[in-house]
Each structure stands twice: as structure tokens, then as C-alpha cells.
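Each chain, written out:
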Amino acid sequence: MLAAAASVKPSAATAAAASKLAFKPLHLPPLPAAGPRPLSISVSVRPLYRQEPLFLAAAARNDRAAPPAATADGARPVGVAAPEETARRAKIGVYFATWWALNVIFNIYNKKVLNAFPYPWLTSALALAAGSAIMLVSWATRIAEVPDVDLDFWKALSPVAIAHTIGHVAATVSMAKVAVSFTHIIKSGEPAFTVLVSRFFLGEHFPAPVYFSLLPIIGGCALAAVTELNFNMIGFMGAMISNLAFVFRNIFSKKGMKGKSISGMNYYACLSMLSLVILLPFAFAMEGPKVWAAGWQKAVAEIGPNFVWWVAAQSVFYHLYNQVSYMSLDEISPLTFSIGNTMKRISVIVASIIIFHTPVQPINALGAAIAILGTFIYSQAKQ
């Protein structure tokens, strides 16, 4: 047995050779300099000795699986907003602030003009004419993209423009007869008209909270109307007709514009132009150039050159605030728009009371607050 073991024991020379072979150092090529590797190098052709550390490989896998600042499932962590989302929110904030500011300025100058020049048909036409001129110049100078519209577009827009014209003139008539605050309190009841028209004319059904939200709207408007110190039936009816017309405008707009691609800015521009064409014959028939000339001379004699500025300001700001509101619709949901519209009315009511020193009784203010609160509740319940 010892002889057999001795026969398989390696010689000293063989053991020394094996030891040298086992501990022979590997001469590896130098590692590349630090920095990002070219994307053209495929993972499958990397030499084995260039494997990345474990934490770097895991980070690379996460970068490929999800966008930056995101979790593995693609959801962004709380408190970390993408730059695009932050920019969008800032854009919406600018839209809202601009929308409210332009609306307040328009209402102030519109009331100043109507106090000195009580001709709402011409005042309404001038506002539409100013907006049409602004957009034609914008299209001619390529500041705004020229819309690609056809005959079918104008046919679909026609009922929208008719309703818009009626609502615009009716609101201006109301503003000429009553205080700005009272007109907007009554116009805050527009959701009630929306529900009633949709229910009885279109057969739509709404959940119970929507119907209950109408109670404070109707009750608040009624309380404000009864306690209004300068109540005028023509002014009241003008605001009510404006509500009804704008409800039909929204309905026609939703039905007729399905499948048509056009920006909010260009949509309102086309709407203004078509409304102006519809309004002009009625403006000439209701008031006429002789009445306008006499009223203009009287207003300039009483106010001075500032009257011309007032007319220009109310015309331009009417278009601008409506244009911004339509541009906002491209960026926000209908719920957010409804809330913004409610807040807009509050800003207009408060600003007009301060500027025109409108007398307001506590019970009248309570009615306005109830109506506006009901509008807010409606916007929540509708969604």
C-alpha cells in the first residue's frame, strides 16, 4: 500500500510548477477614465473584468425602468413635482390671475361708458369689433396661428354665435340699468338654468346633490333681488336672459364642435367675428347712427377726452378676458374652470362695490353670499 501511495504522489518539480501556475498574476488592460461610457457599447460585449459595482448597476437598472425622480412603478414621490407639471401649474395660475384682473377692469370701464353713453347695442358691437380687429391683425402678422376652418365649422358655430350674441347684449343691457354687483349676483344663478334646461330640454338626469345645490343659488339670488336698493326690471331680466342664452351657447358648443380641432384663442376669435356680423343689423335697427352721434357728443362734452379711452378700454378688455378664459379651458378641467368662474364673480362684485360706492344692505350681501356659495357647491356636486 505504501508503494502504491508513493506511486501517485507528485514529484517536487511537478508541485513547484503547479504552484507557480496558480499564483501567476493576471496582467489586465487599464480601466478607462472616469465618465459616462459611450452608449454604442453593448452590455453583451463588455469584458468580464469590467463589471460595474453592484450599487451602480442597480442605479442603471432603475434609470432605465423609470424616469428621473420617479419610483419603480413610474409614480412620482410626494413632494417631488416634475418641471413640466410645475410649469403647467404656474401657467394656469397666470391664466387665472389675468382672467380675473381683465374681467374686473372690463366691468369697471363698461359701467363707466354705459353711465355716460347708455346705448348697450353699440357698446356690445364695439367690444366684438375690437376683438375681431385684434385677431385679424394677429393672424396677418403671424403672431397667432391662422385657424384651418371650413364651411362646416362656420355652420356648427352659427347657433353658438347666436346664443353668444344674445347673452352678450342682454348682459350689457343689464349693466346699463342696474349696478355691476347686482348683475353679477343674478348671473351667478347660471348653474340653475344649466340644470333646468338640460333636464327638461335634453332629458339629462343629475344626482340629488346637484338639485339640492340649486336651492341656495335660487334663494340667494331671490333674496339679493328683493333687497336691491336700485332694482330695475329691465336690468334684472337682462341678466336672466343672459344666463339662459349662455347656457344654450355652452350646449350648442359641446354638440357642434365635437371632432373639430381648434385652439381656444382661435375659437373665441371666430365666435366674436360671427357674433359681430349677427349683431350689427340689430344694433342699427334698435339705436341707429343718429342716436349714437348725439349720445357721443354729449358724453364727450361731459367727460372729455377720457371718454374715448373708456370706450377703447372696455372694448379691448372684453375681448382679452374672454380670450384668456377660453385659453384656460385648454389647460384645466371643467370643475376647475367653474370654481375659477365663481371666484371671478366675487372679485368683480367686491371691486365694483368699492369703486362705484354701491350701497349694500346686510341682507342684500347675505343673499349674494348664499347665491355664490350655492354656485360653488354646485360645481362640486356636478363633478
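Quantities reported herein were computed from a predicted structural model and do not represent experimental measurements.

J.: Outline the overall build of the protein, listing residues and values.
T.: Scanning the protein for helices and strands turns up 15 helices and 0 strands. For the protein, with 383 residues in total, the buried portion stands at 40%. Intrachain contacts of the protein at a sequence separation of at least 6 include 84% that bridge at least 24 residues. For the protein, the accessible area works out to roughly 21700 Å², and carbon and sulfur atoms hold 69% of it.

J.: Which residues make up a negative patch on the surface, and what values do they have?
T.: Residues Glu145, Asp148, Asp150 and Asp152 make up a contiguous surface patch of negative charge. With respect to the element layout, Glu145 can be found in the loop between helix H5 (120–140) and helix H6 (151–177). You can call Glu145 exposed: its relative accessible area is 66%.

J.: Residue-level account of a nonpolar patch on the surface, with values.
T.: Nonpolar side chains collect at one region of the surface, where Ile162, Ile166, Phe231, Met233, Met237 and Ile241 lie side by side and expose about 530 Å² of accessible area between them. Breaking the nonpolar patch down by element, the ones donating at least two residues are H6 and helix H10 (233–256). On the secondary structure map, Met233 appears in helix H10. A relative accessible area of 48% places Met233 in the partly exposed class.

J.: Quick one: what's the story with the packing of aromatic side chains, residue by residue and with numbers?
T.: Under the counting rule described, the total for this entry stands at 15 aromatic pairs. Taken together, a centroid distance of 4.8 Å and an interplanar angle of 65° make the contact between Phe117 and Tyr119 edge-to-face. Note on accessibility: Phe117 and Tyr119 belong to one class, buried. Arranged with centres 6.1 Å apart and planes meeting at 80°, the rings of Phe206 and Tyr211 form a pair that is edge-to-face. A relative accessible area of 30% means that Tyr211 is categorised as partly exposed. When the ring centre of Phe200 is taken as origin, the NZ or CZ atom of Arg199, which lies over that ring, is 5.9 Å away.

J.: Give me the lowdown on the packing of helix H11 (residues 264–286) against helix H13 (residues 306–329), citing residues and values where you can.
T.: Direction vectors running N to C along H11 and H13 enclose 135°, while the axes themselves pass 8 Å from each other. Comparing the axis directions of H11 and H13 gives the class oblique. Read as a crossing pair, H11 and H13 show a hand that is right-handed. Taking contact as the criterion, the partners of Gly264, Met265, Tyr267, Tyr268, Leu271 and Ser272 in H11 are, on H13, Tyr318, His319, Asn322, Gln323, Tyr326 and Met327. Residues of the contact of H11 with H13, tallied by class, amount to 7 nonpolar, 5 polar and no charged.

Quick notes on the rules
Residues numbered from 1 in each chain as written. Predicted model: local features only at pLDDT ≥ 70, side-chain atom pairs only at ≥ 80, totals over all residues. Heavy atoms only, no water. Helix = DSSP H or I, 4+ residues; strand = E, 2+ residues; numbered from the N terminus. Buried < 20%, exposed > 50% of the residue type's maximum accessible area, 1.4 Å probe, protein only. Contact = heavy atoms within 4.5 Å. Areas by Shrake-Rupley, 256 points an atom, 1.4 Å probe, with all protein chains shown as cover. Patch = residues over 30% accessible without salt bridge, like charges linked within 9 Å, V, L, I, M, F, W, Y side chains within 5 Å. Salt bridge = Lys/Arg side-chain N within 4 Å of Asp/Glu carboxyl O. Lys, Arg positive; Asp, Glu negative; His and termini not counted. Charge placed at Lys NZ, Arg CZ, Asp CG, Glu CD. Phe/Tyr/Trp six-rings, centres within 6.5 Å; stacked < 30°, edge-to-face > 60°. Lys NZ or Arg CZ within 6 Å of the ring centre and 35° of its normal. Axes fitted to C-alpha atoms, helices over the stretch in contact; angles between N-to-C directions. Parallel < 35°, antiparallel > 145°, perpendicular 65-115°, else oblique. Left-handed = near helix turned anticlockwise from the far one by under 90°. Nonpolar A, V, L, I, M, F, W, Y, C, P; charged D, E, K, R; others polar.

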